[in-house]
Amino acid sequence: MSHLCGETSITIERCERVYIIQGSVSLVFYQLKAIPTVGPSGTFTSYIGALRLFRYGHEMLQEGYEKYSGSLFKIPTLKSWIIIVSSRHLIEEIRRAPDDVLSMDEAFREASSSLFTDLTVGPELYEDHFFIEVVKGPLTKNVSVKLADVQDEIAMAFNEYIPIKGDEWVEITAFTAILDIVCRAANRMFFGLSLCRNPVWTDMNKKFTLDIVKASIILGLIPPALRPIVAPLLRSKGLRHGAKLLGPVIAERLEQDAKHDKEWPDRP
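Residue positions are counted from 1 within each chain, in the order its sequence is given. Per-residue local features are limited, in this predicted model, to residues with pLDDT of at least 70; the limit for side-chain atom pairs, both in listing and counting, is 80 or more; totals at the level of whole chains, interfaces and linings are taken over all residues. The side-chain numbers reported here are obtained from all heavy atoms of the structure, hydrogens and water having been left aside.

Q: Is there a simple way to think about the pairing of strand 5 (residues 72-76) in this case?
A: Relative accessibility decides the category of a residue: with a 1.4 Å probe and only protein chains considered, values under 20% of the type maximum give buried, values over 50% give exposed, and everything between is partly exposed. Numbering goes from the N terminus for both helices and strands, where a helix is a DSSP run of H or I of at least four residues and a strand is a run of E of at least two. Within strand 5, five of the five residues are buried, which leaves the element mostly enclosed by the surrounding structure. What you see with strand 5 is no split at all: Leu72, Lys74 and Pro76 on one side and Phe73 and Ile75 on the other are buried throughout. Two strands pair under a simple rule: DSSP has to find at least two bridges between them. Summarising the sheet, strand 5 and strand 6 (residues 80-85) pair through five bridges and their orientation is antiparallel. Directly across from Leu72, in strand 6, lies its bridge partner Val85. Turn length for the strand 5-strand 6 hairpin, with the two strands adjacent in sequence and antiparallel, is three residues.

Laid out in structure tokens, this is it:
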């Protein structure tokens, strides 16, 4: 599930049901075909809409919002349908839905399956979801504590990757600059100064992300029976390289915790 332009989108596989909470006690089942579609909705013609989405995605979203504001509509992709919820009431119901109705674990599994992370990263990503609890708990609670550090890193990264020269125009490659800035900011949040400005670490982060995407595209073109055979050939070396860099940092923090009982200056 993701938020988009003040709306909420739910991605589901084709031909499945969509579950939307409506009202305080009842769960309403919407058959996929009953939800209005932006573009063709036929079994085969919907792929025309999916191709159109690549070029006219903004226009399709705007069309759906204008036609079905306050309700639901769906947009086709090559692999799934995206259900857009444009009602504030329904968005609030979705936000408040318990885990046994809308599961974050299942949402993660669905998102990961599109990247074949069980093959490109490893099955342990599915088996141990400790990071979900970290995001929902300690990380979220400490965002405000780390906000100043992240803002500082974003400013530093902008000055480095988008250097301003008075009133002159600056030519940059937008994708590369955004990738660099986001990588620096995220690593400042998670690891602090020790790694966020380490070029070896940040380059490994960026390469690992791109490696996963490239591998998932290739695996998507291969018959399912052959994917477990081909996947090991496509796995990124980023995990091994990352462990070598991150290991000493973790060891040092554990040592400091043991010495100072988790109360020491600049503890992450």
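The rest of the description comes next.
Q: Explain the packing of helix 10 (residues 199-220) against helix 12 (residues 238-260) here, please?
A: Two measures define how a pair of helices packs: the angle their axes make with one another and the distance between the axes. Interaxial angles span 0 to 180 degrees and are taken between N-to-C directions of axes, which are lines fitted to C-alpha atoms, for helices over the stretch in contact. The geometry of helix 10 relative to helix 12 is characterised by a closest axis approach of 10 Å and an angle of 155 degrees between their N-to-C directions. The orientation of helix 10 with respect to helix 12, classified from their angle, is roughly antiparallel. The crossing of helix 10 and helix 12 is left-handed. In contact with Val200, Trp201, Met204 and Phe208 of helix 10, helix 12 contributes Gly238, Leu239, His241, Gly242, Leu245 and Leu246. In the scheme used here, Gly and all other residues not listed as nonpolar or charged are polar, with Ala, Val, Leu, Ile, Met, Phe, Trp, Tyr, Cys and Pro taken as nonpolar and Asp, Glu, Lys and Arg as charged. Looking at the contact of helix 10 with helix 12, its residues break down into seven nonpolar, three polar and no charged. Any angle from 65 to 115 degrees is called roughly perpendicular, while one under 35 is roughly parallel, one over 145 is roughly antiparallel, and all others are oblique. Here a crossing is taken to be left-handed if its near helix is turned anticlockwise relative to the far helix by less than a right angle, and right-handed if that turn runs clockwise. Any pair of residues with heavy atoms lying within 4.5 Å of one another is described as a contacting pair.

Q: Would you take a moment to explain the nonpolar core for this structure?
A: Considering soluble globular proteins, one finds that nonpolar side chains tend to be buried as a cluster. To define a nonpolar core, start from buried Ala, Val, Leu, Ile, Met, Phe, Trp, Tyr and Cys residues and group those joined through side-chain atoms within 4.5 Å. Of all hydrophobic cores here, the largest spans nine residues; its members are Leu32, Ile35, Leu72, Trp81, Ile83, Val85, Leu90, Ile91 and Ile94. The set of elements that each furnish at least two residues to this core consists of strand 6 and helix 2 (88-96). Ranked by size, the runner-up nonpolar core spans six residues in total, among them Phe191, Leu195, Met204 and Val249.

Q: How should helix 7 (residues 143-161) be read in this particular structure?
A: Within an α-helix, residues lying three or four positions from one another point in the same direction, as the helix has 3.6 residues per turn. Two axes define the bend at a residue: one fitted to the seven residues ending there, one fitted to the seven starting there, and the bend is the angle between them. Where helix 7 bends most, the angle comes to about 25 degrees, and this point is Asp149. Of the positions making up helix 7, those classed as buried are Lys146, Val150, Glu153 and Ala157. Of the surrounding secondary structure, the elements contacted by the buried residues of helix 7 are helix 8 (174-191) and helix 9 (193-196).

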